[in-house]
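Tertiary structure, described
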Amino acid sequence: MNTLRKKLHSQRGASILLALLFLLVCMMAAASVLMAAVSNAGKIRSNYEEQQRYLALSSALRLVAGEIERAEYRGRYDVDQWTERITVIEADGIETVIETNYYRVTQKPGAFTCGKLAALVLDADGKLTQDNTTVLSFQKELDGLFSKEFNGTGYQSLPEAEAAPLPTNPPDTLPGGPSRTTRTLTVTVEGDPEIEEKFGSVKVEADMSQSRRIHLKAVLEAGTAVYTMEAELTASGAPAVTYMPGDRLPKDGRGAVTILNEELLKDQETEPVTWQLDWITREVKEEAGG
């Protein structure tokens, strides 16, 4: 150490060169530490933004999926029921009385609720309406599926204008097939002002297929990139009519007909259809316009 100290204080050229070399090594070490710090800061920033993107997409998906898991659809219909009594006098004079119960079933618009996304609203006459707070409803599509129960004598389905078709899963690409019915929701990111500015909103698209499965797709645009995440909910239950009208209506000319116990049963409802989250994907990055 004394020798090194003497060399450092020496005025000779070799000692000065050694001191400069030592200084250069120190500067290189400092530069390496500084570059590592800058690199780590960039990675931390990148990881932070990646985490925020993931949270924005997944939170939007889970928010909408959570409301749909609270959703419920019930098919509604009126039933006109009566007992048909037919008195037939056979050739030998024996009188035979046959009594049969009949029903005439008429479909009505169904009831679809979906948490805060689609509230059930009835007007003063008890008819289903949609107010300004409704942002997601698959009522007409589900009514279209339910209308398939109303085929044959004694059934009356809704007019086509009051129902909507649903595509298969995956959608049929042939001409004339039902097209996708997409609902688009906008979920706003709130919290950190910087995050709000960078990831201000996430669009969530919702589609339903004939299997009553609901497909969700969250879309987030950030600069030139588009980030997406998808999820799907499976349906539990299927709407069905509990009254079977039979293969004909009364008064077919077989004998003297009497109608008994006629009664109109209004606003009959099916068992509810509900939904549960089935799967959710990882984040996918795409270049805008690609």
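Anything mentioned here points back to the structure above.
In short, a report on the structure. Being a predicted model, the structure only gives us computed values, none of them experimental.

Ranked by size, the top nonpolar core spans 46 residues in total, and within it I68, F112, V204, L216 and W275 carry the most contacts. Breaking this core down by element, the ones donating at least two residues are α2 (13–68), β1 (72–89), β2 (95–113), α3 (139–146), β6 (183–188), β7 (201–208), β8 (214–222) and β9 (225–236). The dominant element in this core, judged by the number of residues it contributes, is α2, at seven residues. Setting aside anything within four residues of it in sequence, one finds L216 in contact with L61, V64, A65, I68, V204, E205, A206, M229, E230, A231 and L233.

Taken as a whole and judged by the stated rule, the model has six aromatic pairs. Residues Y77 and F146 carry aromatic rings whose centres are separated by 6.3 Å and whose planes lie at 50° to one another, so their mutual orientation is tilted. Taken together, the residues Y77 in strand β1 and F146 in helix α3 connect sequence positions 69 residues apart. By relative accessible area, which is 1% here, Y77 ends up buried.

With that out of the way, let us pick up the pattern of salt bridges. Overall, the coordinates contain 11 salt bridges when judged by the stated rule. R104 is paired through a salt bridge with D80; the nearest N and O atoms lie 3.4 Å apart. Remark: D80 occurs in strand β1 and R104 occurs in strand β2; sequence separation between them is 24 residues. Looking at R104, the relative accessible area reads 33%, which means it is partly exposed. In this structure, the salt-bridge partner of D278 is R213, at a minimum N-O distance of 2.6 Å.

A few words on α3. Counting buried positions over the eight residues of α3 gives seven, a clear majority of the element. Among all positions in α3, only Q139, E141, L142, D143, G144, L145 and F146 are buried.

Here β6 runs beside β7; their pairing, made up of six bridges, is antiparallel. When the sheet's bridge partners are listed, V187 is paired in β7 with V202. As judged from the six bridges shared by β7 and β8, these two strands associate in the antiparallel manner. Counted as the bridge partner of A206 is L216 from β8. Following β7, the chain reverses through five residues before pairing antiparallel with β8; R212 in that reversal takes a positive phi of roughly 70°.

Here we take up the environment of E205. Following the sequence through the fold, E205 ends up in strand β7. Residues E205 and T184 lie 21 residues apart in sequence; the distance between their C-alpha atoms is 4.5 Å.

Of all the 18 residues making up β1, 13 are buried; the element is thus mostly covered by neighbouring parts of the structure. Bridging between β1 and β2 involves 17 bridges; their strand directions are antiparallel. When the bridges of β2 are listed, W82 appears paired with Y102. The hairpin turn running from β1 into β2, its antiparallel successor, is five residues long, and G93 in that turn takes a positive phi close to 90°.

Under the relative-accessibility criterion, D80 is labelled buried at 16%. The spacing of D80 and G154 is 74 residues in sequence and 9.5 Å in space, taken between C-alpha atoms. In contact with D80, other than residues within four places in its own chain, are Y102, Y103, R104, E262, E263 and L264.

What counts, and where the lines are drawn
Residues numbered from 1 in each chain as written. Predicted model: local features only at pLDDT ≥ 70, side-chain atom pairs only at ≥ 80, totals over all residues. Heavy atoms only, no water. Core = buried A, V, L, I, M, F, W, Y, C linked by side-chain atoms within 4.5 Å. Buried < 20%, exposed > 50% of the residue type's maximum accessible area, 1.4 Å probe, protein only. Helix = DSSP H or I, 4+ residues; strand = E, 2+ residues; numbered from the N terminus. Contact = heavy atoms within 4.5 Å. Phe/Tyr/Trp six-rings, centres within 6.5 Å; stacked < 30°, edge-to-face > 60°. Salt bridge = Lys/Arg side-chain N within 4 Å of Asp/Glu carboxyl O. Pairing = 2+ DSSP bridges.

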